[in-house]
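Structure assessment
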Amino acid sequence: MLHDSSAPVLERTDRFYSLLFAAFSILLVLLVGYFLQLTYRQTERAIEAASLNEAHILSARTDTILRHIESTCTHIAEHFVAEMRDRQKLSPLPQPISRALTALTDKFPEIIQTQVFDTNGSLIYSSLPNPSMVSIADRDHFREVKERPDASIRFTQVLSLRNSGKSSVLAYRAIIGADGKFLGLVASAIDLAYFAKLFSELQVGESGMVSIRRSDDSRLVVRWPVVEEEINKKADKTPPYLLISKGNSEGVIRYVGKSDGVDRVFAFFKVPEFPFYVLVGRGVEEQFAPWRKA
């Protein structure tokens with residue numbers, strides 16, 4: 001009986017091709033995995049870069065607005081001190097003063113109004129036409145600055161304006177006489193609706209969000225999409241604020257939002273010289289959807 005010598009050869013050949021196929025399969029899986037990891041990281045970097053760039057731009061824009069308000073309030077305060085001469089308190093000056101306040105305010109759509117109050121908290125000048133003669137004697141910020149007056153610019157929490165009912169943050173400064181006495185207060189109301197509209201125009205996606213918070217206590221100032229019940233609430237346990245508290249002025253971090261439970265990549269950027277920081281967040285699931293489909 002003849003022995004078939006080709007069988008072992010065929011068996012070895014089949015084994016060789018099986019091993020070769022397995023090796024190619026493993027290599028293919030490794031290449032696909034590497035490609036997916038590479039494209040995932042590229043997508044992640046693009047999201048981070050876009051968010052950080054937008055946070056930087058918004059921070060710079062906010063800084064410009066606040067510097068203008070600071071210089072305007074300083075100009076007005078110094079003007080009134082010069083006008084007082086020997087008077088003991090501020091009193092209404094000619095009508096052109098109110099028109100000058102209107103002109104200063106009208107240049108910037110981010111400002112609702114600029115007003116001057118006397119030492120008792122009564123309104124004496126306003127950029128508004130025919131304003132209600134309101135008093136802010138009971139407001140915390142007025143009592144604070146009257147008790148401890150200095151030439152620094154300060155900011156209130158979000159409050160309702162008594163002339164219009166609009167939500168705003170007041171930037172205010174004491175008017176101080178040459179002898180150091182408190183003579184009154186000048187305040188500019190920042191239009192938070194302007195910022196909400198500006199935020200809504202950014203391409204951060206359906207699950208994205210943009211906000212400004214205070215860097216001294218993390219309280220929410222303005223957010224888009226708007227969540228009214230969150231205004232003035234703290235977020236002092238969130239990663240961005242913890243990093244800012246440690247001295248970081250910018251950064252990118254991923255975490256789940258407390259108010260809505262959405263997983264986002266956040267970029268934060270502190271506003272130079274002022275107690276605020278900007279947050280830009282993009283939803284992870286939404287932003288990575290094109291990558292998953294690729």
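To keep things clear, this report deals only with the structure shown in the data block. Predicted model only: the values in this text are computed from it and were never measured.

Note on sheets: strands pair through backbone hydrogen bonds, and any given pair is parallel or antiparallel. In spatial order, the strands read β8-β7-β11-β10-β9; together these five strands make up an open sheet with antiparallel pairing. Only two strands of the sheet have a single partner each, and these edge strands are β8 (220–224) and β9 (250–256). If you compare each strand with its neighbour and ignore which way they point, the axes differ by 20° on average. When strand β7 (residues 209–214) meets strand β11 (residues 276–283), the two strands line up antiparallel, connected through six bridges. Counted as the bridge partner of R214 is F276 from β11. Here helix α4 (residues 192–200) sits on the sheet and contacts β7 and β8; the angle it forms with β8, its principal contact strand, is near 40°.

The full count for this structure, using the stated rule, is 13 salt bridges. Put simply, R61 and E110 hold a salt bridge, and the shortest N to O gap is 2.0 Å. Highlighted residues: R61 in helix α1 (residues 6–84) and E110 in the loop between α2 (96–106) and β1 (111–118), separated in sequence by 49 residues. Owing to a relative accessible area of 29%, R61 belongs among the partly exposed residues under this scheme.

Per the counting criterion, the structure on display carries six aromatic pairs. For the pair F155 and F276, a centre-to-centre distance of 5.1 Å together with 80° between the ring planes defines the contact as edge-to-face. In this pair, F155 is assigned in strand β3 (residues 154–155) and F276 in strand β11, connecting sequence segments 121 residues apart. Plain terms: the ring middles of Y194 and F195 are 5.7 Å apart, the flat faces sit at 90° to each other, and that makes the pair edge-to-face. Given the relative accessible area of 5%, F195 is considered buried.

Within the element layout of this structure, V186 appears in strand β6 (residues 182–191). Exposure remark for V186: the relative accessible area of 0% places this residue in the buried category. Each residue touching V186, except ones within four places of it in the same chain, is listed here: C73, I76, A77, T114, Q115, V116, A171, Y172, R173 and I175.

Attention now moves to helix α3 (residues 140–147). Taken residue by residue, α3 has H141, F142 and V145 as its buried positions. With its buried residues spanning 100° around the axis, α3 presents them on a single face. Exposed side of α3, more than 90 degrees from the buried face: D140 and E147 are the residues found there.

Reading guide: rules and limits
- Residues numbered from 1 in each chain as written.
- Predicted model: local features only at pLDDT ≥ 70, side-chain atom pairs only at ≥ 80, totals over all residues.
- Heavy atoms only, no water.
- Pairing = 2+ DSSP bridges.
- Helix = DSSP H or I, 4+ residues; strand = E, 2+ residues; numbered from the N terminus.
- Axes fitted to C-alpha atoms, helices over the stretch in contact; angles between N-to-C directions.
- Contact = heavy atoms within 4.5 Å.
- Salt bridge = Lys/Arg side-chain N within 4 Å of Asp/Glu carboxyl O.
- Buried < 20%, exposed > 50% of the residue type's maximum accessible area, 1.4 Å probe, protein only.
- Phe/Tyr/Trp six-rings, centres within 6.5 Å; stacked < 30°, edge-to-face > 60°.
- Arc of directions from axis to C-beta.

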